[in-house]
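A structural walkthrough
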Amino acid sequence: MQLKNPILGLCQQSTFMLSAAKVDQCPDDEGFEVAFAGRSNAGKSSALNTLTHASLARTSKTPGRTQLLNFFKLDEERRLVDLPGYGYAKVPIPLKQHWQRHLEAYLGSRESLKGLILMMDIRHPMTDFDLLMLDWAVASGMPMHILLTKADKLTYGAAKNTLLKVQSEIRKGWGETITIQLFSAPKRMGLEEAYTVLADWMELADKGSEEAE
């Protein structure tokens, strides 16, 4: 793994900042934010915890427990945001509508949001929620990178085939700008690729070589 990538050190020292139920409760809209989105059972919390080497995001046997926008501080300028998980049947409809309203407000108004990491369970990719997020990202010009999570649940060949299939589907429907990779939290698969994307969005990509000199 390239230890020169400065995002590694920032992720390892990340700390919880605050939880927000509404946009006006979010931190000051400045600097760099990357948000993590996904259906409730897509492995979002596990991916966040693996990337940060910490138990920042709560993993739960009951999907849909993340009901707030949770902000994690990397440094004075940079933050990761854990967005509410969606699509879990046992969550009451009014609460779902509340989440959706405030998620849309956050996504549509946040100047510091530099990119969106979308988690898809490799065994159930391209759900209705995923399609909505893809549509929104393209319509708003927001960079998006997809993690096909739980890749360890399939053989490598099957995982690779799913990656190529979903990649082709996205290119046909949404163009070339959205990137995608395989990811597994337990196997720590795909970390370097994900870190490279984060460093690029947070304008850290050029700092690694400078600091290494």
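So, a few notes on the structure that sits alongside this text.

Each value, and the rule that gives it
- Residues numbered from 1 in each chain as written.
- Predicted model: local features only at pLDDT ≥ 70, side-chain atom pairs only at ≥ 80, totals over all residues.
- Heavy atoms only, no water.
- Salt bridge = Lys/Arg side-chain N within 4 Å of Asp/Glu carboxyl O.
- Helix = DSSP H or I, 4+ residues; strand = E, 2+ residues; numbered from the N terminus.
- Buried < 20%, exposed > 50% of the residue type's maximum accessible area, 1.4 Å probe, protein only.
- Pairing = 2+ DSSP bridges.
- Axes fitted to C-alpha atoms, helices over the stretch in contact; angles between N-to-C directions.
- Contact = heavy atoms within 4.5 Å.

Here's the deal with the pattern of salt bridges
Under the definition given, this model contains 10 salt bridges. A salt bridge links R110 to D29, with the shortest nitrogen-to-oxygen separation between them at 3.8 Å. Remark: D29 occurs in the loop between β1 (15-20) and β2 (32-38) and R110 occurs in the loop between α3 (93-109) and β5 (113-121); sequence separation between them is 81 residues. On the basis of relative accessibility, which here comes to 8%, the residue R110 falls in the buried class. Residue D121 is joined to K150 by a salt bridge in which the shortest nitrogen-to-oxygen separation is 3.7 Å. Separated by 29 residues along the polypeptide, D121 in strand β5 and K150 in the loop between β6 (144-149) and α5 (156-174) bring together distant segments of the chain. For D121, a relative accessible area of 6% puts it in the buried group. Note on K150: relative accessible area 24%, which makes it partly exposed.

Some points on the sheet that holds strand β7 (residues 179-182)
Taken in spatial order, the seven strands make up an open sheet running β1-β3-β4-β2-β5-β6-β7, and their pairing is mixed. Every other strand in the sheet has two partners, leaving β1 and β7 as the edge strands with one partner each. The sheet shows a mean angle of 25 degrees between the axes of neighbouring strands, direction not considered. As paired strands, β1 and strand β3 (residues 69-73) are joined by five bridges and run antiparallel to one another. The residue of β3 that forms the bridge with S19 is N70. In this fold α5 packs onto β6 and β7, with an angle of close to 170 degrees to the strand it touches most, β7.

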